[in-house]
Amino acid sequence: QGQLVESGGGLVQPGGSLRLSCAASAGILRLAVMGWYRQALGKQRELVATMSSSGTTNYADSVKGRFTVSRDNAKNTVYLQMNSLKPEDTAVYYCYARPFTYLADYWGQGTQVTVSS
């Protein structure tokens, strides 16, 4: 069965950088969209960044210019490079994927990102 496996979360100081990775397992169909959502304490889950298989990206206004999403289609892996991190970026970050042949969206288990001095 398909899975999204995340890595790269952790504790970082304000202004620092972090790189998240998410790899889809072999059982997952070809993915139309891969990307990242996040959920901070007391808030709803929100889109951070996504990329289609053709390279089209979508970013939340709050992360534009600081975060970069990239994708390796051959490896079915998506990355999120986070620079100039702010305390308000603190959240659980969830990998997300949608297959071309839609049955259901895939979600990772979530990885904690904490930005604090």
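Above: the structure in question.
Residues numbered from 1 in each chain as written. Predicted model: local features only at pLDDT ≥ 70, side-chain atom pairs only at ≥ 80, totals over all residues. Heavy atoms only, no water.

Draft legend 1. Seen up close, the packing of aromatic side chains. Per the counting criterion, the structure on display carries 3 aromatic pairs. Measuring from ring centre to ring centre gives 5.3 Å for Y37 and Y96, while their planes differ by 65°; the resulting arrangement is edge-to-face. Linking Y37 in strand β4 (residues 31-39) with Y96 in strand β9 (residues 91-99), this pair joins segments that are 59 residues apart in sequence. For Y96, a relative accessible area of 7% translates into the label buried. Each residue in the set Y37, Y96 and W107 is aromatic and connected to the rest through ring pairs, giving one cluster. The ring of Y94 has R45 lying over it, and the distance from NZ or CZ to the ring centre is 3.7 Å. Lying across the ring of W107, R45 places its NZ or CZ 4.8 Å from the centre. (Phe/Tyr/Trp six-rings, centres within 6.5 Å; stacked < 30°, edge-to-face > 60°. Helix = DSSP H or I, 4+ residues; strand = E, 2+ residues; numbered from the N terminus. Buried < 20%, exposed > 50% of the residue type's maximum accessible area, 1.4 Å probe, protein only. Lys NZ or Arg CZ within 6 Å of the ring centre and 35° of its normal.)

Draft legend 2. Seen up close, unusual backbone geometry. Phi at N76 takes a positive value of approximately 50°, unusual for a residue other than glycine. Positionally, N76 belongs in the loop between β7 (67-72) and β8 (77-82). In the Ramachandran plot, S84 falls in the positive-phi region, its phi being about 50° despite a non-glycine side chain. Considering the arrangement of structural elements, one finds S84 in the loop between β8 and β9.

Draft legend 3. The arrangement of the environment of N76 in detail. For the pair N76 and L31, spaced 45 residues apart in sequence, the C-alpha to C-alpha distance is 7.8 Å. Excluding residues that lie within four positions of it along the chain, N76 makes contacts with C22, A23, A24, I28, L31 and M34. (Contact = heavy atoms within 4.5 Å.)

Draft legend 4. Focus on the sheet that holds strand β3 (residues 18-24). Across the sheet, which stays open at both edges, the 4 strands sit in the order β1-β3-β8-β7 with antiparallel pairing between neighbours. The sheet terminates laterally at β1 (4-7) and β7, the two strands that pair on one side only. Taken pair by pair, the neighbouring strands of this sheet meet at an average axis angle of 15°, ignoring direction. (Pairing = 2+ DSSP bridges. Axes fitted to C-alpha atoms, helices over the stretch in contact; angles between N-to-C directions.)

Draft legend 5. Representation of the side chain of T77. Here T77 shows up in strand β8. A residue is classified by how much of its surface remains accessible, and T77, at 8% relative accessible area, is buried. Within polar-contact distance, the side chain of T77 engages the backbone oxygen of K75 at 3.0 Å. (Polar contact = N/O pair within 3.5 Å; in protein donor to acceptor, adjacent residues only side chain to side chain.)

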